[in-house]
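Spelled out, the chains give:
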Amino acid sequence: LTSQLNHPKHYVIAAAAKAPHAINAERTRAEILPDMLNALRDSDESTRVEMVRRLCPMASAFDSLIGDLESCFSDESPAIRATADRNARYFESQPKRMLRLLVGCLDDEQDEVLYEAVECLMGLGKAARNAAPTLIRMMDSHAPESDRWRSLMITLETIDPVAAERIEKELGL
């Protein structure tokens, strides 16, 4: 499996990265993790996206992976940042860290990154309530007619309905 992580074809790399999770063999995962992390750091963008997709689900079994994946939330590639946001739900063993990483992506200039972050926050529901003050602060910097404001408001309605209702009353919505 580790030798296949260096294969020139993207789909072979993806299959090799998927195999340890499908096998559900902790020893195999532990043996291939270093190579997957190297591929995450040193490969082309499509391979790196695939590594984020494959490594995040393993984070619940290997807490140390969360630290390794943390840089993906501020990566120069919007595709990497969005994939990390989409898969942050697997960091449930460290909920404060997960929320901090997602909240950090709420002001990303790329819409895809923002939308993946709010989707993940909405999936967490009221467990993401600590993100409400940041959402409210971010809403202040956008017009209520904007898509970003509406996305933030929908997220706020999901994680803190009382705060959302208060804002709607204040704005007469």
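Residues numbered from 1 in each chain as written. Predicted model: local features only at pLDDT ≥ 70, side-chain atom pairs only at ≥ 80, totals over all residues. Heavy atoms only, no water.

**Student:** How would you summarise the overall build of the protein chain if you had to cite specific residues and measurements?
**Tutor:** Looking only at helices and strands, the protein chain features 10 helices and zero strands. Counted from the first residue to the last, the protein chain has its helices and strands arranged as α-α-α-α-α-α-α-α-α-α. Across the 173 residues in the protein chain, those meeting the buried criterion constitute 46%. By sequence separation, contacts in the protein chain at least 24 residues apart represent 59% of the contacts at least 6 residues apart. (Helix = DSSP H or I, 4+ residues; strand = E, 2+ residues; numbered from the N terminus. Buried < 20%, exposed > 50% of the residue type's maximum accessible area, 1.4 Å probe, protein only. Contact = heavy atoms within 4.5 Å.)

**Student:** How would you sum up helix H5 (residues 78-87)? Please name residues and give values.
**Tutor:** Of all 10 residues in H5, seven are buried, a share of seventy percent or more. Of all the positions in H5, only Ile80, Arg81, Ala82, Thr83, Ala84, Asp85 and Asn87 are classed as buried.

**Student:** I'd like to hear about the nonpolar core, residue by residue, with values.
**Tutor:** Counting 52 residues, the largest nonpolar core has Leu55, Leu65, Phe91, Leu106 and Leu156 as its most contacted members. Discounting chain neighbours no more than four positions away, the residues touching Leu55 are Leu33, Met36, Leu37, Leu40, Leu65 and Leu69. (Core = buried A, V, L, I, M, F, W, Y, C linked by side-chain atoms within 4.5 Å.)

**Student:** Explain the packing of helix H3 (residues 45-55) against H5 residue by residue, including any values.
**Tutor:** Packing of H3 against H5 brings their axes to within 9 Å, and their N-to-C directions diverge by 10°. As judged from the angle between their axes, H3 and H5 are roughly parallel. Taken together, the residues of H5 that come into contact with H3 (itself represented by Glu45, Arg48, Val49, Val52 and Arg53) are Ala79, Ile80, Thr83, Ala84 and Asn87. Residue composition of the contact of H3 with H5, by class: five nonpolar, two polar and three charged. (Axes fitted to C-alpha atoms, helices over the stretch in contact; angles between N-to-C directions. Parallel < 35°, antiparallel > 145°, perpendicular 65-115°, else oblique. Nonpolar A, V, L, I, M, F, W, Y, C, P; charged D, E, K, R; others polar.)

**Student:** Report on the confidence of the model for the protein chain, specifying residues and quantitative values.
**Tutor:** Of the residues in the protein chain, 87% reach a pLDDT of 70 or more, and the chain-wide mean stands at 85. Per-element mean pLDDT across the protein chain ranges from 65 in helix H1 (residues 10-23) up to 94 in H5. (pLDDT = per-residue confidence, 0-100.)

**Student:** Just give me the short version of the side chain of Arg81, but keep the residues and values in it.
**Tutor:** When you line up the elements, Arg81 lands in helix H5. A distance of 2.8 Å separates a polar side-chain atom of Arg81 from the backbone oxygen of Asp75. Excluding its chain neighbours within four sequence positions, the residues that come into contact with Arg81 are Cys72, Phe73, Ser74, Asp75, Glu76, Asp108, Gln110 and Val113. (Polar contact = N/O pair within 3.5 Å; in protein donor to acceptor, adjacent residues only side chain to side chain.)

**Student:** How would you sum up the environment of Asp160? Please name residues and give values.
**Tutor:** Within the secondary structure, Asp160 is located in the loop between helix H9 (147-159) and helix H10 (161-171). What Asp160 contacts, discounting residues up to four positions off in sequence, is Arg129 and Ala132. Within the structure, the side chain of Asp160 is placed 3.3 Å from the side chain of Arg129, a separation counted as a polar contact.

**Student:** Tell me about the environment of Leu69, residues and numbers included.
**Tutor:** Among the secondary structure elements, Leu69 is positioned in helix H4 (residues 64-69). The exposure class of Leu69 is buried, given its relative accessible area of 1%. For the pair Leu69 and Leu37, spaced 32 residues apart in sequence, the C-alpha separation works out to 8.8 Å. Once residues within four sequence positions are removed from consideration, Leu69 is found in contact with Leu40, Leu55, Cys56 and Phe91.

**Student:** Outline the packing of aromatic side chains, listing residues and values.
**Tutor:** By the definition in use, this model includes one aromatic pair. Taken together, a centroid distance of 6.0 Å and an interplanar angle of 65° make the contact between Phe73 and Phe91 edge-to-face. Here the residue Phe73 occupies a position in the loop between H4 and H5, and Phe91 occupies one in the loop between H5 and helix H6 (95-104), the gap between them amounting to 18 residues. Overall, Phe73 belongs to the buried group, its relative accessible area being 7%. With a relative accessible area of 0%, Phe91 lands in the buried category. (Phe/Tyr/Trp six-rings, centres within 6.5 Å; stacked < 30°, edge-to-face > 60°.)

**Student:** Talk me through the packing of H6 against helix H7 (residues 111-124); I want residue IDs and the actual numbers.
**Tutor:** To describe two helices that pack against each other, one gives the angle between their axes and the distance between the axes. Closest axis-to-axis distance for the H6/H7 pair is 9 Å, and the angle between their directions is 145°. Here H6 and H7 pass one another in a crossing that is left-handed. Contacts between H6 and H7 involve Met98, Leu99 and Leu102 from the first element and Ala117, Cys120, Leu121 and Leu124 from the second. Among the residues forming the contact of H6 with H7, the class breakdown is seven nonpolar, no polar and no charged. (Left-handed = near helix turned anticlockwise from the far one by under 90°.)

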